[in-house]
Amino acid sequence: PRHGAVALATDSAFPVAARHGGPELTIVVPTLNERANIGLLVARLRQSLGPIDWEVVFVDDDSKDGTILAVRDIAAGDHRVRGIRRIARRGLAGACLEGILSSSAPIVAVMDGDLQHDEKCLPAMLAILQGGEAELVIASRYQSDGSASGGFTRLRSGASRLATRLARQLLKTPINDPMSGFFMLRREIVDAVAPRLSRQGFKILLDIVASSTNAIRIKEIPYVFGPRLHGESKLDSLVALEYAGLLVAKMSGDLISTRFLAFGLVGSAGVVVHLAVLHALLPHGLSFAVAQTAAMFTAMAFNYTLNNAFTYRDQRRRGWRFLTGLVMFAGLCSFGVVAGVGVSTLLYSGHSRWWVAGLAGAVVGAAWNYITNSAITWRR
Ligand code: GDD
Ligand code: MN
């Protein structure tokens, strides 16, 4: 009957399409204001990859310089080139992840779009994976033949070495260059850990390795990290802070997330602001209740602004949404105060020690604030 015939047609057609249709390698290139580098990078990929069946996916975070237009220009005449335009989202790791997940190829690579990564390494990396020698190949800057000197300032170089040493000691990863943004792996490795990966910061490789439950067979090959041709680096001190957060998160077995740490840090700063305002207002003859209310609202606005800029910077609220977010944040946090006071009063009247009751109230309030604001104010 008709039904069976359809099933038969799909059954036989599918494996054939899977074997001859798609590329064997997807190269994911995250971009933020790299318009001037796109054409040259694609030309170099064409030259280096020769007979390999490859495609490149540029994942652009809505660059102001119109990077995606340059991508589409080339893509219109070359099926090997694709572009993903992400709007209202930021983050190198998230961009890489989205590119990898958009691929149907068995093997994916991630490389920068600013020509600092040597595309001539790609065929050798692919051969290592296809030969089964490893499941993840990292182009590493710190092996004897590799070099980071060309593309690094002295400070960057020192900080990068420190980050590497920390990662190796704390996470027990045997990788020489865990911060590398240039690697190739079997896509199924990422598929398995994707929901657990952080979408912020520059540390996607380390995150993938640290989040995998099975040991991954890794091989590193050396290369020379070149200088940037056009544009500028987006790595800043915040990226370094996020990195420290990832280390804590992974050491605690994902119990403490980077975001929660940031939220807590901002909250602690808010307490200081609160006390400072109180201290400043009280001598001016205001009643305690009025001064305390003013201090609370100042601290809330302070916390909201900082959380919006740092803790949730990948989902930052701007313009009108900044104001509506402030109202949500203040509303949810007020509820948090009530919940915290309720819990501590209950415990205290149940003969708990004063500091146990107080601490429990603070924990309940903080957890409420974090969970509800993550789910509502900065909902994904
Ligand atoms: N989509 C997207 N979103 N792309 C981004 C973002 C972002 O938020 N931030 C940076 N990029 C892109 C850049 O356009 C570039 O193609 C690539 O990611 C690397 O960014 P750079 O700003 O050039 O980083 P770098 O050269 O300073 O850092 C290099 O070394 C680090 C280790 O020290 C990179 O290889 C990093 O991946 C690596 O971790
Ligand atoms: Mn760069």
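Residues numbered from 1 in each chain as written. Chains lettered and ligands numbered in written order. Predicted model: local features only at pLDDT ≥ 70, side-chain atom pairs only at ≥ 80, totals over all residues.

(A) Broad picture of the overall build of the protein chain. Counting secondary structure elements, the protein chain contains 13 helices and seven strands. When its C-alpha atoms are laid out on the principal axes, the protein chain stretches across 80 × 70 × 40 Å. Here the protein chain holds 380 residues, and 33% of them are scored as buried. By sequence separation, contacts in the protein chain at least 24 residues apart represent 75% of the contacts at least 6 residues apart. (Helix = DSSP H or I, 4+ residues; strand = E, 2+ residues; numbered from the N terminus. Buried ≥ 20, exposed ≤ 12 C-beta atoms within 10 Å, placed from the backbone. Contact = placed C-beta atoms within 7 Å.)

(B) A look at the pairing of strand β6 (residues 183-186). In terms of strand pairing, strand β4 (residues 107-110) meets β6 through four bridges, oriented antiparallel. Pairing of Val 110 across the sheet is with Phe 183, part of β6. The pairing of strand β5 (residues 136-140) with β6 spans three bridges and is antiparallel. In the strand pairing of β6, Val 137 is matched with Met 184. (Pairing = 2+ DSSP bridges.)

(C) Spotlight on helix α2 (residues 35-49). Between the first and last C-alpha of α2 there are 22 Å, a value that for 15 residues agrees with the 21 Å anticipated at 1.5 Å per step. Three or more residues of α2 are buried, namely Arg 35, Asn 37, Ile 38, Leu 41, Val 42 and Leu 45. One side of α2 carries all its buried residues, which in axial view fall inside an arc of 135°. Turned more than 90 degrees off the buried face of α2, the exposed positions are Leu 40, Ala 43 and Gln 47. Packed against the buried residues of α2 are β1 (25-31), β2 (54-60), α3 (67-75) and β3 (81-85). Immediately beyond the C-terminal end of α2, within one or two residues, lies Gly 50, with a positive phi of roughly 40°. (Expected span 1.5 Å × (residues − 1). Arc of directions from axis to C-beta.)

(D) Local environment of the site of ligand 1. Close contacts around ligand 1 come from 22 residues, with Pro 30, Ala 95, Gly 113, Gly 181 and Ser 233 the closest. Secondary-structure elements contributing two or more residues to the shell around ligand 1 are β1, β2 and α4 (92-101). Partitioned by chemical class, the residues of the shell around ligand 1 number eight nonpolar, seven polar and seven charged. (Near = placed C-beta within 6 Å. Nonpolar A, V, L, I, M, F, W, Y, C, P; charged D, E, K, R; others polar.)

(E) Structural context of the confidence of the model for the protein chain. For the protein chain, the mean per-residue pLDDT works out to 86, and 92% of the residues sit at or above 70. Here residues 1-19 is a poorly scored stretch, pLDDT under 50, and it has zero contacts once near neighbours within four places are set aside; other chains count. Model confidence for the complex is summarised by a pTM of 0.71, with the ipTM given as 0.96. (pLDDT = per-residue confidence, 0-100.)

(F) Quick peek at helix α13 (residues 354-377). In a regular helix each residue adds 1.5 Å, so 24 residues correspond to 34 Å; α13 covers 33 Å between its end C-alpha atoms and thus fits that length. For α13, every residue scored as buried is listed here: Gly 361, Gly 365, Asn 369, Tyr 370, Asn 373 and Thr 377. Of the surrounding secondary structure, the elements contacted by the buried residues of α13 are α10 (258-281) and α12 (320-349).

(G) Examining the pairing of β5 more closely. The element β5 is extensively covered by neighbouring structure, given that five of its five residues are classed as buried. Both faces of β5 are covered, namely the face carrying Leu 136, Ile 138 and Ser 140 and the face carrying Val 137 and Ala 139. With five bridges connecting them, β5 and strand β7 (residues 218-222) associate as parallel partners. For Leu 136, the partnering residue across the bridge sits in β7 and is Ile 218.

(H) Seen up close, the nonpolar core. Counting 56 residues, the largest nonpolar core has Ile 27, Val 28, Cys 96, Ala 109, Phe 183 and Met 184 as its most contacted members. Here Phe 183 is in contact with Ala 109, Val 110, Leu 136, Val 137, Ile 138, Ala 139 and Leu 205, once residues within four sequence places are set aside. Core analysis: the next-biggest nonpolar cluster, separate from the first, contains six residues, Ala 295, Ala 299, Phe 329 and Cys 333 among them. (Core = buried A, V, L, I, M, F, W, Y, C linked by C-beta atoms within 7 Å.)

(I) Geometry of the sheet that holds β1. Strand order in the open sheet formed by seven strands is β3-β2-β1-β4-β6-β5-β7, with mixed pairing between adjacent strands. Single-partner strands in this sheet number two, and they are β3 and β7. Across the sheet, the mean angle from the axis of one strand to that of its neighbour is 20°, orientation sign disregarded. (Axes fitted to C-alpha atoms, helices over the stretch in contact; angles between N-to-C directions.)

(J) Broad picture of the packing of helix α9 (residues 237-251) against α10. Where α9 meets α10, the axes come as close as 8 Å, and the angle between the chain directions of the two elements is 115°. By crossing handedness, the relation of α9 to α10 is classed as right-handed. Two secondary-structure elements touch here, α9 through Glu 242, Gly 245, Leu 246, Val 248 and Ala 249 and α10 through Thr 258, Leu 261 and Ala 262. The residue inventory of the contact of α9 with α10, partitioned by class, reads five nonpolar, two polar and one charged. (Left-handed = near helix turned anticlockwise from the far one by under 90°.)

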